[in-house]
Amino acid sequence: KRSQNSMIPTETKAIDRSREMDERSWWDLWNRSYRSEDNRDETSTELFTHVVSLVRQVAPDGANRMLEVACGTGTLSRSLNFTSYHGLDISAAAVEIARQKAATLELAPGTTRPTYEAADFHDWPLPAEPFDVVLCVDAISCFRDQALVLRKIAQSLPNGGRVVLTTINAFVYNRIRRVGGVKLENGPVSHWLSRGEMHQLVK
């Protein structure tokens, strides 16, 4: 005779591989799982489309040297007009995907092929020549020293240079990162910025 307890179904909990990862490993997993393809989910696609529109407003002729901090797999770089573009990301996996995709891009005349570098922006040396436009899309919350990152962005620009800086809240972030079959509970978020905190950092 079966006992009553043995007939109760047990729920198997999904294993979260991210809980004990260091920062670089977490982002490698994220990018391999969610960012190897463009236009994978509506929320991210809408975000990138909006950012491309913003960049075209601040740099309408496209004749600009661009730096993207936390470029991920280079999704933005494949939709922007620029003279030259350099992307930085802490994830070597993201950078490798970006390089592979950039190798097949058809380039407009006067445009150099985008370049990508695996680097922690906290430690990255300032460029010898400033960039005209610096992008940092929805990554500022993940930097451990957000004030330092904003200072270095400012120092990477000439007078009259442009910054496109966006951030999302935890609610939107959770919607994006739960798409697909990999469960990632603990992203390396340092601090979610309020609107006031963001404005103060930019100032």
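Quick note: structure is the one above.
Along every chain, residues carry numbers that run from 1 in the direction the sequence is written. Under the rules for a predicted model, residues below a pLDDT of 70 receive no local features and side-chain atom pairs below 80 are neither given nor counted, while totals for whole chains, interfaces and linings still include all residues. Think of the side-chain values as coming from all heavy atoms in the structure, minus any hydrogens and water.

(A) Structural context of the side chain of Asp-89. Inspection of the secondary structure assignment puts Asp-89 in strand E2 (residues 84-89). Any N or O atom pair separated by 3.5 Å or less is treated as a polar contact, with the protein-specific requirement of one donor-capable and one acceptor-capable atom, and with residues adjacent in sequence counted only for side-chain atom pairs. Of the polar contacts made by the side chain of Asp-89, one reaches the backbone nitrogen of Cys-71; its length is 3.3 Å. At a separation of 2.9 Å, a polar atom in the side chain of Asp-89 contacts the main-chain amide nitrogen of Ser-91. Numbered from the N terminus, helices here are DSSP runs of H or I no shorter than four residues, and strands are runs of E no shorter than two.

(B) Geometry of the nonpolar core. We define a nonpolar core as any set of buried Ala, Val, Leu, Ile, Met, Phe, Trp, Tyr and Cys residues linked to one another through side-chain atoms lying within 4.5 Å. Buried, partly exposed and exposed residues are distinguished by accessible area as a fraction of the type maximum, computed with a 1.4 Å probe on protein chains only: under 20%, between the cut-offs, and over 50%, respectively. Among the nonpolar cores identified, the biggest contains 19 residues, and Val-55, Met-66, Leu-76, Leu-80, Tyr-116 and Leu-135 are the most heavily contacted of them. Of all elements in the fold, only helix H2 (42-58), helix H3 (92-102) and strand E4 (133-137) reach the threshold of two or more residues within this core. No other element matches H2, which puts four residues into this core. Non-local contacts of Met-66, meaning those with residues more than four positions away in its chain, are made with Val-55, Leu-80, Asn-81, Phe-82, Ser-84, Tyr-85, His-86, Phe-131 and Val-133. Counting 18 residues, the second largest nonpolar core, distinct from the first, contains Phe-121, Phe-131, Ala-139 and Met-198. Whether two residues are in contact is decided by their heavy atoms, any of which lying within 4.5 Å being enough.

(C) Here's a closer look at the state of the cysteines. Note that a disulfide, as used here, is simply two cysteine sulfur atoms within 2.5 Å. In this structure the tally under the stated criterion is zero disulfides. This cysteine, Cys-142, is not joined by any disulfide, and Cys-136 carries the nearest cysteine sulfur, 9.3 Å off.

(D) The pattern of salt bridges, seen in detail. Each salt bridge in this description consists of a side-chain nitrogen of Lys or Arg and a carboxyl oxygen of Asp or Glu lying within 4 Å of one another. Enumeration according to the criterion identifies three salt bridges in this entry. The partner of Arg-78 in a salt bridge is Asp-38, with the nearest N and O atoms 2.8 Å apart. Linking Arg-78 in the loop between strand E1 (65-69) and E2 with Asp-38 in the loop between helix H1 (23-34) and H2, this pair joins segments that are 40 residues apart in sequence. The exposure class assigned to Asp-38 is partly exposed, which follows from its relative accessible area of 29%. The residue Arg-144 makes a salt bridge to Asp-120 at a minimum N-O spacing of 3.2 Å. Here Asp-120 lies in the loop between strand E3 (115-118) and E4 and Arg-144 lies in the loop between E4 and helix H4 (146-155), a separation of 24 residues in the sequence.

(E) Region of the structure containing the sheet that holds E4. Pairing in this open sheet of five strands is parallel, and the strands run E3-E2-E1-E4-E5 from one edge to the other. Where the open sheet ends on each side, the last strands, each with one partner, are E3 and strand E5 (162-166). Averaged over neighbouring strand pairs, the angle between their axes works out to 15 degrees when direction is ignored. For E1 and E2, the ladder comprises five bridges, and the chain directions are parallel. Looking at E2, one finds that Met-66 is bridged to Tyr-85. The angle between two axes is taken between their N-to-C directions and runs from 0 to 180 degrees, where each axis is a line fitted to C-alpha atoms and a helix contributes only its stretch in contact. In the packing of H2 onto the sheet, the strands contacted are E1, E4 and E5, and the crossing angle to E5 comes to about 160 degrees. Two strands pair if DSSP finds at least two bridges between them.

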